[in-house]
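# Understanding the architecture of this molecule
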Amino acid sequence: MILFNMATELPNYLNENFFKTALEDGLHDESVDIKKIILSDNNSGGGENYCSKIYRAKALYRSSKTQLDKELALIVKSIAITPATQCLEDFAVYLREKIFYFDALGKLEMLIGDNTKFGAKCFYSTCEPMQTIVFDDLTQYGYRLASRQDGLDEGHCKVTLEKLGKFHAASMVMAHQDPFIRDHFKTGMLDEHYIRTSERFVDFMTLQLRTLANLVATWGEDYKEITEKLHKHCDNITENLVKTGQAKPNEITVLNHGDLWVNNFMFKYDECNKKKPIDVVFVDFQHSFFGSPGCDINFFLNSSVQLNVLMKCRDSLIESYYAAFRESLQRMQFEKIPTLEDMKTEITSRELYGFFASYSFLPMIAMRKEDSYDINLETLASKEFATKKVKLMFSSNHRTTDTLRYTLKRFNELGTLD
């Protein structure tokens with residue numbers, strides 16, 4: 001076995017034994033002979049990944065089943081718990097994602113029953129020496145990321161929301177058949193206990209919203225009322241964040257992805273038209289929770305969609321989502337299928353979730369790479385650094401301010417800011 005490290009510094013635990021165990025677990029093979037591993041660091045900055053360390057591996061191995069040499073590309077995601085990343089431990093993101101991949105993903109794909117793929121295959125997970133999960137690398141099958149700076153056009157949005165409709169539908173059936181599965185996915189990133197006990201989280205949300213309010217104050221008389229409402233919302237941000245994440249009585253309940261932004265989708269494209277997406281697979285299920293589908297939909301629309309699409313195609317995109325949702329439930333012979341009006345009411349009732357995404361995620365997502373290369377949980381622990389970067393977030397890409405000029409007026413008209 002030869003181990004090539006295509007980076008300056010890689011963790012010692014990513015060795016031959018690690019990959020042997022990962023492949024044997026993932027392939028259900030009693031004995032895998034590792035021939036070669038090419039390992040590279042995928043943590044190049046640019047704001048593409050904020051919470052985990054990502055490594056790519058290409059494994060050449062021989063399976064005891066076939067006695068043939070094969071090659072496989074893998075993604076290794078590790079989370080080292082430090083004072084700066086303690087929030088990830090508080091959220092139990094590793095455990096939640098592990099349970100999703102090993103207990104939920106297979107059930108969801110089996111229920112939908114049409115060879116739909118919702119997530120990458122998970123090969124292996126371990127807590128030693130740090131929380132680590134190994135996945136199939138989707139790029140080897142032609143999947144790739146879209147541009148977070150540009151946002152998604154109508155075609156990408158339609159493919160994504162249709163897949164989300166199927167995912168939500170399958171999760172409703174799964175929860176009906178196995179109600180206890182809900183116990184593993186009770187809360188997402190807006191967990192009430194976490195909000196009330198994490199000073200750092202609330203401080204950062206306050207910094208983002210206060211920075212936005214101060215910026216909007218410079219936009220003229222048309223935004224004076226909105227500025228006042230933003231400051232008022234910020235003054236009571238803890239209770240407003242709790243309200244945003246709280247379940248509502250009698251709401252439609254699905255398994256939300258919980259972190260539905262551009263870099264958590266990988267697209268496959270038409271062979272004859274490389275710009276036309278034909279499929280999408282979701283990644284990163286660390287914040288998945290059972291709740292209103294309006295949470296996922298509003299988060300997506302306010303974090304990841306190009307402004308012209310958001311302005312002109314919102315209703316048609318929701319209808320595309322619903323058509324896939326309804327058709328999937330019908331095919332799975334689910335009896336109580338919500339109507340389109342039920343779904344629209346659900347989405348409207350969760351506009352506050354979209355507002356949360358618009359001030360806390362969109363500005364960071366849309367940042368230019370040269371402005372965001374050094375942003376991660378460790379660097380944001382510095383208040384001075386965070387203050388400087390949050391101010392830059394709202395000026396780095398005109399898409400952010402252009403979108404917020406539109407969405408803030410819409411939120412105000414809907415009463416979301418009241």
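Residues numbered from 1 in each chain as written. Predicted model: local features only at pLDDT ≥ 70, side-chain atom pairs only at ≥ 80, totals over all residues. Heavy atoms only, no water.

## Points about the overall build of the protein chain
Just so we agree on the cut-off: What counts as a helix is a DSSP run of H or I of at least four residues, what counts as a strand is a run of E of at least two, and both are numbered from the N terminus. Here the radius of gyration uses the C-alpha set of atoms, whereas the globule reference equals 2.2 Å times the residue count to the power 0.38. Partly exposed describes any residue whose relative accessible area lies between the buried limit of under 20% and the exposed limit of over 50%, with all areas from a 1.4 Å probe on protein chains only and scaled to the type maximum. Contact between two residues is taken to exist if any of their heavy atoms lie within 4.5 Å; hydrogens are not considered.
Scanning the protein chain for helices and strands turns up 16 helices and ten strands. Against the 2.2 N^0.38 benchmark of 22 Å for 418 residues, the protein chain shows a C-alpha radius of gyration of 22 Å, consistent with a compact globule. Projected onto its principal axes, the C-alpha positions of the protein chain cover 70 × 55 × 45 Å. Out of the 418 residues in the protein chain, the part that is buried amounts to 55%. Intrachain contacts of the protein chain at a sequence separation of at least 6 include 76% that bridge at least 24 residues.

## Some remarks on the UniProt feature "domain: CHK kinase-like" (unreviewed entry) in the protein chain
Spelled out, the test is: UniProt positions are given in the numbering used here, feature names are shortened, and annotations may be inferred rather than shown by experiment.
UniProt annotation of "domain: CHK kinase-like" (unreviewed entry) refers to residues 133–331 when read in the numbering used here. Along residues 133–331, the helical share is 53% and the strand share 11%, with 33 Å between the first and last C-alpha atoms.

## Considerations on the domain arrangement of the protein chain
Short version of the rule: Where each domain begins and ends is defined by an automated method or by a domain database. Note on terms: buried area is the combined drop in 1.4 Å-probe accessible area of two parts once they are placed together, counting the loss on both.
Domains assigned within the protein chain are domain 1 (3–126) and domain 2 (144–414). The straight-line distance from the C-alpha centre of domain 1 to that of domain 2 is 26 Å. With 35 residues of domain 1 in contact, the opposing surface of domain 2 contributes 42 residues. Summed over both sides, the interface between domain 1 and domain 2 buries roughly 3400 Å², with carbon and sulfur atoms accounting for 63% of that surface.

## Some thoughts on the pairing of strand β4 (residues 69–79)
Cut-off, in case you're wondering: If DSSP finds at least two bridges between two strands, the strands pair.
For β4, a buried count of eight out of eleven residues is recorded, marking the element as mostly surrounded by other parts of the structure. The pairing of strand β3 (residues 53–63) with β4 spans ten bridges and is classified as antiparallel. For K58, the partnering residue across the bridge sits in β4 and is A73. With antiparallel pairing between neighbouring strands as the criterion, β3 and β4 make up a hairpin whose turn holds five residues, including Q67 at a positive phi of roughly 55 degrees.

## Concerning the packing of helix α4 (residues 154–177) against helix α10 (residues 307–331)
The description of two helices packed together rests on the angle between their axes and the distance between the axes. Short version of the rule: Note on method: axes are straight lines fitted to C-alpha atoms, helices fitted across the in-contact stretch only, with angles between N-to-C directions ranging 0 to 180 degrees. With the far helix as reference, a near helix turned anticlockwise by less than a right angle produces a left-handed crossing, and one turned clockwise produces a right-handed crossing.
At a minimum axis separation of 8 Å, α4 and α10 run at an interaxial angle of 35 degrees. For the crossing formed where α4 meets α10, the hand is right-handed. Between α4, through E154, C157, K158, L161, E162, L164, G165, K166, H168, A169, M172 and V173, and α10, the contact on the second element is made entirely by V309, C313, S316, L317, S320, Y321, A324, F325, S328, L329 and R331.

## So, the packing of helix α8 (residues 237–245) against helix α12 (residues 351–360)
Definition in use: The scheme is simple: roughly parallel for angles under 35 degrees, roughly antiparallel for over 145, roughly perpendicular for 65 to 115, oblique for anything else.
α12 packs onto α8 with a crossing angle of 125 degrees between their chain directions and a minimal axis gap of 9 Å. Classed by the angle they form, the pair α8 and α12 counts as oblique. Seen along the crossing, α8 lies across α12 with a hand that is left-handed. For the pair formed by α8 and α12, the contact residues are I237, N240, L241, K243 and T244 on the first element and L352, Y353, F356 and Y359 on the second.

## Points about the nonpolar core
For the record, the criterion: The term nonpolar core refers to a set of buried residues drawn from Ala, Val, Leu, Ile, Met, Phe, Trp, Tyr and Cys, joined through side-chain atoms within 4.5 Å.
Counting 112 residues, the largest nonpolar core has F100 and L230 as the members making the most contacts within it. For this core, the element with the most residues is α4, which contributes eleven residues. Among the domains, domain 1 (3–126) and domain 2 (144–414) are the pair contributing at least three residues each to this core. For L230, the contacting residues outside a window of four places in its chain are L209, L212, A213, V216, F355, L408 and L417. By size, the runner-up hydrophobic cluster in this structure holds 21 residues, among which are V32, L39, A59 and Y124.

## Regarding the pairing of β3
Pairing of strand β2 (residues 32–41) with β3 involves nine bridges; the strand directions are antiparallel. The partner of I38 across the bridge, within β3, is K58.

## Points about helix α3 (residues 93–112)
The condition is simple: Values of bend correspond, residue by residue, to the angle between axes fitted over the seven residues ending at that residue and the seven starting there.
Maximum bend of α3: about 45 degrees, positioned at A104. Here α3 has its buried residues at V93, Y94, R96, E97, I99, F100, Y101, A104, L105, L108, L111 and I112. Immediately downstream of α3, the backbone of G113 shows phi near 70 degrees, a positive value.

## Quick look at the packing of aromatic side chains
Given two aromatic rings, one states the distance between the centres and the angle between the planes to describe the pair. Quick note on the threshold: In summary, the pairing rule links any two rings of Phe, Tyr or Trp, Trp by its six-membered ring, whose centres are within 6.5 Å, and it sorts them by plane angle into stacked for under 30 degrees, edge-to-face for over 60 and tilted for everything else. In this scheme, the term charge over a ring applies when either NZ of a lysine or CZ of an arginine sits within 6 Å of the ring centre and within 35 degrees of the ring normal.
Following the criterion strictly, the structure yields 27 aromatic pairs and no others. Aromatic side chains F18 and F19 sit 5.1 Å apart centroid to centroid with 85 degrees between the ring planes, which places their arrangement in the edge-to-face category. In this pair, the class of F18 matches that of F19, namely buried. An angle of 50 degrees between the planes, with centres 6.4 Å apart, marks the rings of F267 and Y269 as tilted. Of the two residues, F267 and Y269, neither departs from the other in class, the shared state being buried. Taken together, F100, Y101, F118, F135, F167, F265, F267, Y269, F282, F285 and F300 form an aromatic cluster joined through their ring pairs. The ring of F290 has R182 sitting right over it, with the charged end atom 5.4 Å from the ring centre. Between the NZ or CZ atom of R405 and the centre of the ring of W219, over which it lies, the distance is 4.3 Å.

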